[in-house]
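Below are the chains, spelled out letter by letter.
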Amino acid sequence: MCVVGNVATQPVYRESPTGPTARFRLAVTARYLDREKNAWTDGHTNFFTVWTRRSLATNVAASVAVGDPLVVQGRLKVRTEQREGQGWLSAELDAVAIGHDLSRGTSAFRRSSRPEAQGGTSPQPEPNWETEPPGRPEEPDQSGAAALPESEPAGVT
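As the structure is a prediction and not an experimental result, all values here were calculated from the model.

1. As for the pairing of strand S1 (residues 2-7)
Here's step 1: By the bridge criterion, 5 bridges tie S1 to strand S5 (residues 69-83) in an arrangement that is antiparallel. For glycine 5, the partnering residue across the bridge sits in S5 and is leucine 70.
Here's step 2: Direction of pairing for S1 relative to strand S3 (residues 21-34): antiparallel, over a ladder of 2 bridges. When the bridges of S3 are listed, valine 7 appears paired with leucine 26.

2. Some words on the confidence of the model for the protein
Here's step 1: Put simply, the protein has an average pLDDT of 83, and 74% of its residues get 70 or more.
Here's step 2: This stretch, residues 145-149, has a pLDDT under 50; its non-local contacts, to residues over four places away or in other chains, come to 11 contacts.
Here's step 3: Long-range and interchain partners of residues 151-157, a stretch whose pLDDT sits below 50, account for 2 contacts in this model, where long-range means more than four residues apart.

3. Details of the side chain of glutamate 92
Here's step 1: Relative to the helices and strands, glutamate 92 is located in strand S6 (residues 86-100).
Here's step 2: Residue classification places glutamate 92 among the buried residues on the basis of a relative accessible area of 16%.
Here's step 3: Among the polar contacts listed, one links the side chain of glutamate 92 to the side chain of arginine 79, at a separation of 3.1 Å.
Here's step 4: When near neighbours in sequence (up to four residues on either side) are disregarded, glutamate 92 contacts Thr49, Trp51, Arg75, Leu76, Lys77 and Arg79.

4. Notes on the pattern of salt bridges
If charged atoms from side chains of opposite charge come close, those side chains can pair.
Here's step 1: Counted according to the given criterion, the structure contains 6 salt bridges.
Here's step 2: Its salt-bridge partner being arginine 75, residue aspartate 94 comes within 3.4 Å of it at the nearest N-O pair. Separated by 19 residues along the polypeptide, aspartate 94 in strand S6 and arginine 75 in strand S5 bring together distant segments of the chain.
Here's step 3: Residue aspartate 101 is joined to arginine 104 by a salt bridge in which the shortest nitrogen-to-oxygen separation is 3.9 Å.
Here's step 4: Given a relative accessible area of 48%, arginine 104 falls into the partly exposed group.
Here's step 5: Through salt bridges with shared partners, a single network forms among Arg53, Arg75 and Asp94.

5. As for the packing of aromatic side chains
Within a pair of aromatic rings, the relevant descriptors are the distance that separates the centres and the angle that separates the planes.
Here's step 1: Per the counting criterion, the structure on display carries 0 aromatic pairs.
Here's step 2: A cation over an aromatic ring shows up here: arginine 83 above the ring of tryptophan 88, its NZ or CZ 4.9 Å from the ring centre.

6. Quick notes on the side chain of aspartate 101
Here's step 1: With respect to the helices, strands and loops of the structure, aspartate 101 is situated in the segment after S6.
Here's step 2: Side-chain polar atoms of aspartate 101 contact the side chain of serine 103, separated by 2.7 Å.

7. Looking at a nonpolar patch on the surface
Here's step 1: There is a patch of nonpolar side chains on the surface, built from Met1, Leu76, Val78 and Leu89 and spanning about 390 Å² of accessible area.
Here's step 2: Inspection of the secondary structure puts leucine 76 in strand S5.

8. Structural notes on the layout of surface pockets
Here's step 1: In this model, the largest pocket occupies a volume close to 650 Å³.
Here's step 2: For the lining of the largest pocket, the secondary structure elements donating two or more residues are helix H1 (54-63) and S6.
Here's step 3: The element contributing the most residues to the lining of the largest pocket is H1, with 5 residues.
Here's step 4: Volume-wise, the second largest pocket comes out at about 170 Å³.
Here's step 5: In terms of lining, the second largest pocket is formed by Arg25, Phe47, Arg79, Glu81, Arg83, Trp88, Leu89, Ser90 and Ala91.

Conventions used here
Residues numbered from 1 in each chain as written. Predicted model: local features only at pLDDT ≥ 70, side-chain atom pairs only at ≥ 80, totals over all residues. Heavy atoms only, no water. Pairing = 2+ DSSP bridges. Helix = DSSP H or I, 4+ residues; strand = E, 2+ residues; numbered from the N terminus. pLDDT = per-residue confidence, 0-100. Contact = heavy atoms within 4.5 Å. Buried < 20%, exposed > 50% of the residue type's maximum accessible area, 1.4 Å probe, protein only. Polar contact = N/O pair within 3.5 Å; in protein donor to acceptor, adjacent residues only side chain to side chain. Salt bridge = Lys/Arg side-chain N within 4 Å of Asp/Glu carboxyl O. Phe/Tyr/Trp six-rings, centres within 6.5 Å; stacked < 30°, edge-to-face > 60°. Lys NZ or Arg CZ within 6 Å of the ring centre and 35° of its normal. Patch = residues over 30% accessible without salt bridge, like charges linked within 9 Å, V, L, I, M, F, W, Y side chains within 5 Å. Areas by Shrake-Rupley, 256 points an atom, 1.4 Å probe, with all protein chains shown as cover. 1 Å grid on protein atoms, 1.4 Å probe; cavity = no way out; pocket = protein on both sides within 12 Å on 5 of 7 lines; lining within 4 Å. Points joined across faces, edges and corners; volume = space filled by probe spheres on them.

This is the structure we're talking about:
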């Protein structure tokens, strides 16, 4: 499920034996066009408890504050329980991905550092995505054909 809303409570971050967790409440308000007033109107507000784990929890604790507009992707869990003789219903999202809603503002992304891989292996170097400069006329290009001089555009003889 994917929801778009505003952070309603400060994220609560906890370290546990199974890893870090963080939770916060997200307010999701449907808006609709009231044709009689010819204006956008707020509908009902739903509140979700958003649960995060591991690195997502750590990054939420460092990046999310009350009032932030967010897009949250996760699995919905609806729970019913009895409290003092009354039935209660709660909706929770087990978040997989969270991001700021960029239709309502800007954000500056920074990659979080990851711990070194176990076993002493070094990380793979970043591949070189640059294109190779054109070769000299006497040097063959990667296809084995001779490169054209720079003064002659390809396809023109």
